[in-house]
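So the chains spell out like this:
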Amino acid sequence: MLEVTDLHKHFPIGKKGLLGKPAKWLHAVDGVSFSLEKGETLGLVGESGCGKSTTARTMIGLYPPTSGSVKFEGEEISHLSRSERAPFRRRIQMIFQDPYASLDPRQTVASILAEPLKIHRLAKPRERKLRAMQLLDAVGLNPRHIHRFPHEFSGGQRQRIGVARALALEPDLIICDEPVSALDVSIQAQVVNLLEELQERFGLSYLFIAHDLAVVRHICDRVAVMYLGKIVEIATRDELFENPQHPYTKALMSAVPHPDPKIERTRERIVLEGDVPSPLEPPTGCRFHPRCVERHKVEGDRCSTVEPQLGERSACHLSLD
Amino acid sequence: MSNPILDVQNLRVRFETHHGVVRAVDGVSFQLHEGETLGLVGESGSGKSVTNLALMGLVPQPPGVVEADKMSFEGRDLLSLSDRELRSVRGNDISMIFQDPMTSLNPLLTIGRQLTEVLEVHKKVTRREARQICADGLDDVGIPLPKKRLDQYPHELSGGMRQRVMIAMGLLCKPKVLLADEPTTALDVTIQAQILELMKRLQETHGTAIILVTHDLGVVAGMSDRVNVMYAGKLVETADAGPLFEQPRHPYTKGLLASVPRLTGDPNAELDSIPGSPPDLAALPPGCSFAPRCGLKTDQCTTHTPTLEELPTRATSRSSACFENARLTDTLIADTLDYGDRPQGGSFA
């Protein structure tokens, strides 16, 4: 349904020189390719600054891509104008991370939910209210609360309103950008379950961006792991979690603390050295090599000179050999 | 057991606001011993952070009011100390790592200036010595080129680096008690793993007692000896980490543990969740605060408030505040001996 090929997004940084050239380019997304089937959930994981959100935003045209192609049901959508993009915008919706910042505090829930319908001229004014009530019901909120303002709801309820807004246009694909990371654990589980239930009911596809691997394991069918603007590993959920291939994926998984003291006190951890390098000056060769613990297994200086390409599964010289 | 380094009995913190009185902490009692890590878990607004702020004497008064039957550090009553005396304890004997490394450092001062200030206030050292101690402190927390960092400003460091600076600052005076308020929440997991390892190592070398406030049950499981679970300003359960995770007793603790997504177990199983949302502290329901979300609720729960009761176990103390305690007849896990690096009594094999 969705096919992203070699997507790049570079941001200019610093003052422009005489010829209008910026001093530096920040390579936020650097050659990302993946596809998404109908009804499928693809997880996009990685640490802050690895380009997960930029990938999603570039994909739907919130940022113009530097290069690459994005095909939605076979049609190229990456270089469309605003008005040409409108029909696709209806079919791809987004749920944002922060339920406190993503709802207009001065609009009632009714007007927040009716706005997409108004913009896309999908319902008459009278029908809109009814539709808004149906949406609230679908996400497990009381339809009678339709005239309330966002501040009258708790964080979890607000995130449900965000979900209802994304559902308003009956989209095919919803991009969930860290939809549960701002919520408390007990509430997080409610929203994860809601997303799964809605997927089944409406046949939705999700691109699920998250840094919490345990949540991703629960909700995703396939998972792509990003590091510094590139996908380093992509696999089905079971393959990835049971047998991670890329050293970064392994480290990421081993860093997740288990809520069980027995496991915590005995398991082996891979603790990575140092920080994620700056995407302004990514390391040469494999971008992960300065922090990689398996680097010594590769002969010579290939890791620091030759960039491994993402093959079937993992972008690492070890698994490509 | 030795005397506790911190002894808190019936701590109450309330804020008098326009919306009414908010009882942020309502009758919390606990003790902390040398070298021990106490995990404090609960949802946002459950009173975890306010408990820590009260210990540090940092609750703004007014609107806050802090009361306790006892709140002592090494036998000194923290509540009756003058501001001057309190300042000599705060940052020196008891120090705090704040949650957000992005906003807790002053952006206008160099790292060195902010670190040496702590020493200038608490220890009699020359500037040169202070700089050396600070550089060593940064080195201890794994910051490369510590001397150079002293002259840099916070914005020149990454989030993980800044959090390490916060930790170094908290440890500069070798405190006896470290209050860590969500020390890794703002960080990525790989950096979190580094910071947690570091805190463990520093605890081993200095014997620091730590109160670790977090909502991440995984972090608590890996770090804590004992765990206090808070809900709506009250302690609802307290136990050693092993038994608590293995056999949670209070319905809230059970619900909390069940709702955590895990890397083990069946990934297709639906997550258990606790219905509803945490109560408004200014308008708490009568009786047990958790009753509206509780599956075991009886009539008694909505009229009477359960108190924290000691549960009958052989070796460790654990308590839970629930009327169901008496009814639940399952046997509790008494021993902590089969938990990894705990001392294995009597075995010389």
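Fair warning: this is a prediction, and the values are worked out from it, not measured in the lab. (Residues numbered from 1 in each chain as written. Chains lettered and ligands numbered in written order. Predicted model: local features only at pLDDT ≥ 70, side-chain atom pairs only at ≥ 80, totals over all residues. Heavy atoms only, no water.)

### Looking at a negative patch on the surface
Right, so step 1: On the surface, Glu197(A), Glu200(A), Glu270(B) and Asp272(B) cluster together into a patch of negative charge.
Right, so step 2: Relative to the assigned elements, Glu197(A) resides in helix α6 (residues 185–202). (Patch = residues over 30% accessible without salt bridge, like charges linked within 9 Å, V, L, I, M, F, W, Y side chains within 5 Å. Areas by Shrake-Rupley, 256 points an atom, 1.4 Å probe, with all protein chains shown as cover. Salt bridge = Lys/Arg side-chain N within 4 Å of Asp/Glu carboxyl O. Lys, Arg positive; Asp, Glu negative; His and termini not counted. Charge placed at Lys NZ, Arg CZ, Asp CG, Glu CD. Helix = DSSP H or I, 4+ residues; strand = E, 2+ residues; numbered from the N terminus.)

### Digging into the interface of chain B and chain A
Right, so step 1: Contact with chain B, which involves 52 residues of that partner, is made by 39 residues of chain A.
Right, so step 2: For the chain B and chain A pair, buried surface summed over both sides reaches about 4000 Å², with 56% attributable to carbon and sulfur atoms.
Right, so step 3: It is Thr190(B), Leu263(B) and Pro267(B) that lose the most area in chain B upon contact with chain A, and together they represent 18% of the buried surface on that side.
Right, so step 4: At the boundary of chain B and chain A, one finds two salt bridges. (Contact = heavy atoms within 4.5 Å. Buried area = accessible area lost by both parts, 1.4 Å probe.)

### Some words on the packing of aromatic side chains
All names here are of chain B.
Right, so step 1: Applying the stated criterion across every chain yields a total of eight aromatic pairs over all chains.
Right, so step 2: Ring centres 5.1 Å apart and planes at 80° place the aromatic pair Tyr231 and Phe290 in the edge-to-face group. With Tyr231 in strand β10 (residues 226–231) and Phe290 in the loop between α10 (251–258) and α11 (299–303), this residue pair connects regions lying 59 residues apart in the sequence.
Right, so step 3: When its relative accessible area of 4% is taken as the criterion, Tyr231 is described as buried.
Right, so step 4: Of the residues examined, Phe290 reaches a relative accessible area of 4% and is grouped as buried. (Phe/Tyr/Trp six-rings, centres within 6.5 Å; stacked < 30°, edge-to-face > 60°. Buried < 20%, exposed > 50% of the residue type's maximum accessible area, 1.4 Å probe, protein only.)

### Describing the environment of His206(B)
Right, so step 1: Within the secondary structure layout, His206(B) lies in helix α7 (residues 189–206).
Right, so step 2: When the C-alpha positions of His206(B) and Pro175(B) are compared, they lie 8.5 Å apart, and in sequence the two are 31 residues distant.

### Quick word on the packing of helix α6 (residues 159–171) of chain B against α7(B)
Residues and elements named next belong to chain B.
Right, so step 1: Between α6 and α7, the shortest axis-to-axis distance is 10 Å and the interhelical angle comes to 15°. With respect to their mutual orientation, α6 and α7 come out roughly parallel. Our pair here, α6 against α7, has a crossing hand that is right-handed. Taken together, the residues of α7 that come into contact with α6 (itself represented by Gly160, Arg164, Ile167 and Leu171) are Ile191, Gln194, Ile195, Leu198, Met199 and Leu202.
Right, so step 2: The class makeup of the residues in the contact of α6 with α7 is seven nonpolar, two polar and one charged. (Axes fitted to C-alpha atoms, helices over the stretch in contact; angles between N-to-C directions. Parallel < 35°, antiparallel > 145°, perpendicular 65-115°, else oblique. Left-handed = near helix turned anticlockwise from the far one by under 90°. Nonpolar A, V, L, I, M, F, W, Y, C, P; charged D, E, K, R; others polar.)

### Quick word on the pairing of strand β1 (residues 6–17) of chain B
Across a regular strand the side chains alternate sides, sitting on one face of the sheet and then on the other.
Residue and element names in this part refer to chain B.
Right, so step 1: The pairing of β1 with strand β5 (residues 70–73) spans four bridges and is antiparallel. Note on β5: the bridge partner recorded for Leu6 is Phe73.
Right, so step 2: Sheet analysis places β1 next to strand β2 (residues 20–32), joined by 10 bridges and oriented antiparallel. Paired with Asp7 across the strands is Gln31, a residue of β2.
Right, so step 3: Sheet topology places β1 next to strand β4 (residues 64–67); four bridges connect them, and they run antiparallel. Note on β4: the bridge partner recorded for Arg14 is Val65. (Pairing = 2+ DSSP bridges.)

### Some thoughts on the domain arrangement of chain B
Residue and element names in this part refer to chain B.
Right, so step 1: Once the domains are mapped, chain B shows domain 1 (6–224) and domain 2 (230–326).
Right, so step 2: Here the C-alpha centroids of domain 1 and domain 2 sit 27 Å apart.
Right, so step 3: If you look at the interface, domain 1 gives 22 residues, while domain 2 gives 16 residues.
Right, so step 4: The interface formed by domain 1 and domain 2 contains two salt bridges.
Right, so step 5: The salt bridge partner of Asp26 is Lys234, with a shortest N-O separation of 3.0 Å.
Right, so step 6: Counting across the interface, domain 1 meets domain 2 through six residue pairs in polar contact (both at pLDDT 80 or more).
Right, so step 7: At the level of secondary structure, the elements contributing two or more residues to the side of domain 1 that touches domain 2 comprise β2, β3 (37–41), α1 (48–55) and α8 (217–223).
Right, so step 8: Within the side of domain 1 that touches domain 2, the residues separate by chemical class into 10 nonpolar, eight polar and four charged. (Domains from an automatic or database assignment. Polar contact = N/O pair within 3.5 Å; in protein donor to acceptor, adjacent residues only side chain to side chain.)

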